[in-house]
Amino acid sequence: MATFELYRRSTIGMCLTETLDEMVSNGILSPELAIQVLVQFDKSMTEALETQVKSKVTIRGHLHTYRFCDNVWTFILQDAVFKNEECQENVGRVKIVACDSKLLTQ
């Protein structure tokens, strides 16, 4: 199963990377094992989002920038509103990165 490395730039991904870097620096983990942990993180995040997330969100906002490069869409919205069945959240600026899931099965 192929995966994207997008989730490494999330808050939890950055914390994991920092912790692994620290453990490698202190000689607790080998660099090879740290890379294996990151690869497993990528797989686990992809699987969890595919199988466990059932809620839907509507996003509205003013499109500031968009680009399509290497089968990856990037959208930057200003004054965005995220709305689901239970609540609504206003965000001043948000970056959305979207990849074609069909590429994961190749």
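Nothing here was measured: the structure is a model prediction, and the numbers come from that model. (Residues numbered from 1 in each chain as written. Predicted model: local features only at pLDDT ≥ 70, side-chain atom pairs only at ≥ 80, totals over all residues. Heavy atoms only, no water.)

### What to know about the overall build of the chain
- Helices and strands together make up the secondary structure of the chain, namely two helices and three strands.
- Sequence-ordered secondary structure for the chain, helices as α and strands as β, is α-α-β-β-β.
- Rg of the C-alpha trace for the chain: 17 Å, well past the compact-globule value of 13 Å for 106 residues, more than 25% over.
- Along the first, second and third principal axes, the C-alpha set of the chain runs to 45 × 30 × 30 Å.
- Counting over 106 residues, the chain shows a buried share of 14%.
- Sequence-distant contacts, at least 24 apart, represent 40% of the contacts inside the chain between residues at least 6 apart.
- Summed over its atoms, the accessible surface of the chain is roughly 8,300 Å², and 53% of this surface lies on carbon and sulfur atoms.
- With 11 positive and 14 negative side-chain charges, the chain shows a spacing of 9 Å between the two charge centroids. (Helix = DSSP H or I, 4+ residues; strand = E, 2+ residues; numbered from the N terminus. Rg over C-alpha atoms; globule rule 2.2 N^0.38 Å. Buried < 20%, exposed > 50% of the residue type's maximum accessible area, 1.4 Å probe, protein only. Contact = heavy atoms within 4.5 Å. Areas by Shrake-Rupley, 256 points an atom, 1.4 Å probe, with all protein chains shown as cover. Lys, Arg positive; Asp, Glu negative; His and termini not counted. Charge placed at Lys NZ, Arg CZ, Asp CG, Glu CD.)

### Observations concerning the packing of aromatic side chains
- The tally for this structure, following the rule as stated, stands at three aromatic pairs.
- Measuring from ring centre to ring centre gives 4.7 Å for Phe 68 and Trp 73, while their planes differ by 40°; the resulting arrangement is tilted.
- Residue classification places Phe 68 among the partly exposed positions, given a relative accessible area of 48%.
- Centroid distance Trp 73 to Phe 75: 5.5 Å. Interplanar angle 10°. Geometry classified as stacked.
- Ring pairs connect the aromatic residues Tyr 66, Phe 68, Trp 73 and Phe 75, which therefore count as one cluster. (Phe/Tyr/Trp six-rings, centres within 6.5 Å; stacked < 30°, edge-to-face > 60°.)

### Some words on the side chain of Thr 74
- Along the chain, Thr 74 falls in strand E2 (residues 72–83).
- Residue class for Thr 74 comes out buried when judged on its relative accessible area of 11%.
- Not counting chain neighbours up to four residues away, the residues in contact with Thr 74 comprise Thr 65, Tyr 66, Arg 67, Lys 95, Ile 96 and Val 97.

### Focus on the sheet that holds E2
- Overall, antiparallel pairing links the three strands, which are arranged E1-E2-E3 in an open sheet. The open sheet has two edge strands with one neighbour each: strand E1 (58–69) and strand E3 (88–99). With direction set aside, neighbouring strand axes in the sheet form an average angle of 15°.
- Sheet topology note: the E1/E2 ladder contains ten bridges and is antiparallel. Residue pairing for E2: Thr 65 is matched across the bridge by Ile 76. (Pairing = 2+ DSSP bridges. Axes fitted to C-alpha atoms, helices over the stretch in contact; angles between N-to-C directions.)

Taken by themselves, the reported measurements are silent on function.
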